[in-house]
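Structural overview
The chain contents come next:
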Amino acid sequence: MMMNTKRKRSQVNVFKGSPWEIAALINLLNAAYLHASIVDNGSKDIHLFVPSEEYTAAMKVINGRESKL
């Protein structure tokens, strides 16, 4: 009997913003050892996604950044 070790990780949209905002957040998330990916649908805003398992930690990083602005 073989175990399936591959699981598809669901992604959660955590932020929508300009390329500058997304770049800054990716740097902060990477510094916190969190994974992030982006989706650019050709509109002016870019969407930032994280794995669902990292959603809470990512939101703490994002909200912490916004409260300092």
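Just above, that's the structure.
Just so we're clear, the structure is a prediction, and the values are computed from it rather than from any experiment.

Regarding its fold elements, the chain presents 2 helices and 3 strands. A total of 69 residues make up the chain; the buried ones form 25% of that total. Summed over all atoms, the accessible surface of the chain reaches about 5,400 Å², with 58% contributed by carbon and sulfur.

Here we come to the sheet that holds strand β3 (residues 46-51). Reading across from one edge, β1-β3-β2 is the order of the 3 strands in this open sheet, with antiparallel pairing throughout. The two strands at the open ends of the sheet, each matched to only one other strand, are β1 (11-17) and β2 (37-39). On average, each strand axis in the sheet is inclined to that of its neighbour by 35°, with strand direction left out of account. Bridge count for β1 against β3 is 6 bridges, and the pairing is antiparallel. Note that in β3 the partner of Q11 across the bridge is P51. Sheet strands in contact with helix α1 (residues 19-31) are β1, β2 and β3, and its direction is about 20° off that of β3.

What follows deals with α1. If you check α1, its first and last C-alpha atoms are 18 Å apart, about what 13 residues at 1.5 Å a residue would give, namely 18 Å. Phi turns positive one or two residues past the end of α1, at Y33, with a value near 60°.

So, on to the side chain of E54. Inspection of the secondary structure puts E54 in the loop between β3 and α2 (55-67). Excluding residues within four positions of it along the chain, E54 makes contact with R9, L34 and H35.

Conventions we followed
- Residues numbered from 1 in each chain as written.
- Predicted model: local features only at pLDDT ≥ 70, side-chain atom pairs only at ≥ 80, totals over all residues.
- Heavy atoms only, no water.
- Helix = DSSP H or I, 4+ residues; strand = E, 2+ residues; numbered from the N terminus.
- Buried < 20%, exposed > 50% of the residue type's maximum accessible area, 1.4 Å probe, protein only.
- Areas by Shrake-Rupley, 256 points an atom, 1.4 Å probe, with all protein chains shown as cover.
- Pairing = 2+ DSSP bridges.
- Axes fitted to C-alpha atoms, helices over the stretch in contact; angles between N-to-C directions.
- Contact = heavy atoms within 4.5 Å.
- Expected span 1.5 Å × (residues − 1).

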